Amino acid sequence: MHLHTRSPLALRSSWETAYHCRDSSIRKYLHGTRIRQHGQITRPEPGTGIKLHFKDHKGNPIKSIEAAEGDDILSLAHEWDIDLEGACEGSIACSTCHVILQPEMYDALPEPSDDENDMLDLAFGLTDTSRLGCQVQVTKEMDGMEIRLPSATRNMFVDGKKPTHH
């Protein structure tokens, strides 16, 4: 079977590719769409996003950012160069993206999964309102929320490794 390079249908989108056989009675189309990579975020237009305020363990401001609904705290921290490690890249296999939320925001979130609770048990400076940043999805109700970073993290893989942008 010999394939042509592209059919006219493929010109609709840069993310679609359609191929067909020389024999017009037998056509085979392949379709592909752009995949959203884990941790990929879209920055909202300035002034239109959900405002989040990152603070250090003492409550000193680190950075205030704007987020889009559905983004996770770990990905936002990496995007905005906030020092939140995330050694396992959001696979719930470490506690290095441990954050401390305000009690009213913690209560508004869905319960942590068993996997998240298992990892939180290993977190340095665990509190009653601790969550893994990779598991917290931003909602409109979080507008104005403060997110505190603990004074340290416990990385079972390699202590001292700095996160890289994905």
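Before reading on, note that the structure itself is shown above.
Student: Looking at this structure, I do not really get unusual backbone geometry. What am I missing?
Tutor: Among all residues save glycine, negative phi is the norm, and among peptide bonds the norm is trans. Phi angles above zero are rare outside glycine, and D81 is one such case at about 55 degrees. Summarising the element assignment, D81 is placed in the loop between α1 (73-79) and β3 (98-101). Judged by its relative accessible area of 57%, D81 falls in the exposed class. For E89, which is not glycine, the phi dihedral falls at a positive 60 degrees. Inspection of the secondary structure puts E89 in the loop between α1 and β3. On the accessibility criterion, E89 (44% relative accessible area) is partly exposed.

Student: Hey, could you run me through the environment of Q135 in this one?
Tutor: Its place among the elements puts Q135 in the loop between β4 (130-132) and β5 (145-148). We classify Q135 as partly exposed; its relative accessible area is 26%. Between the C-alpha atoms of Q135 and G90, which are 45 residues apart in sequence, the distance is 7.5 Å. When sequence neighbours within four positions are dropped, the list of residues in contact with Q135 reads G90, I92 and E116.

What counts and what doesn't
Residues numbered from 1 in each chain as written. Predicted model: local features only at pLDDT ≥ 70, side-chain atom pairs only at ≥ 80, totals over all residues. Heavy atoms only, no water. Helix = DSSP H or I, 4+ residues; strand = E, 2+ residues; numbered from the N terminus. Buried < 20%, exposed > 50% of the residue type's maximum accessible area, 1.4 Å probe, protein only. Contact = heavy atoms within 4.5 Å.

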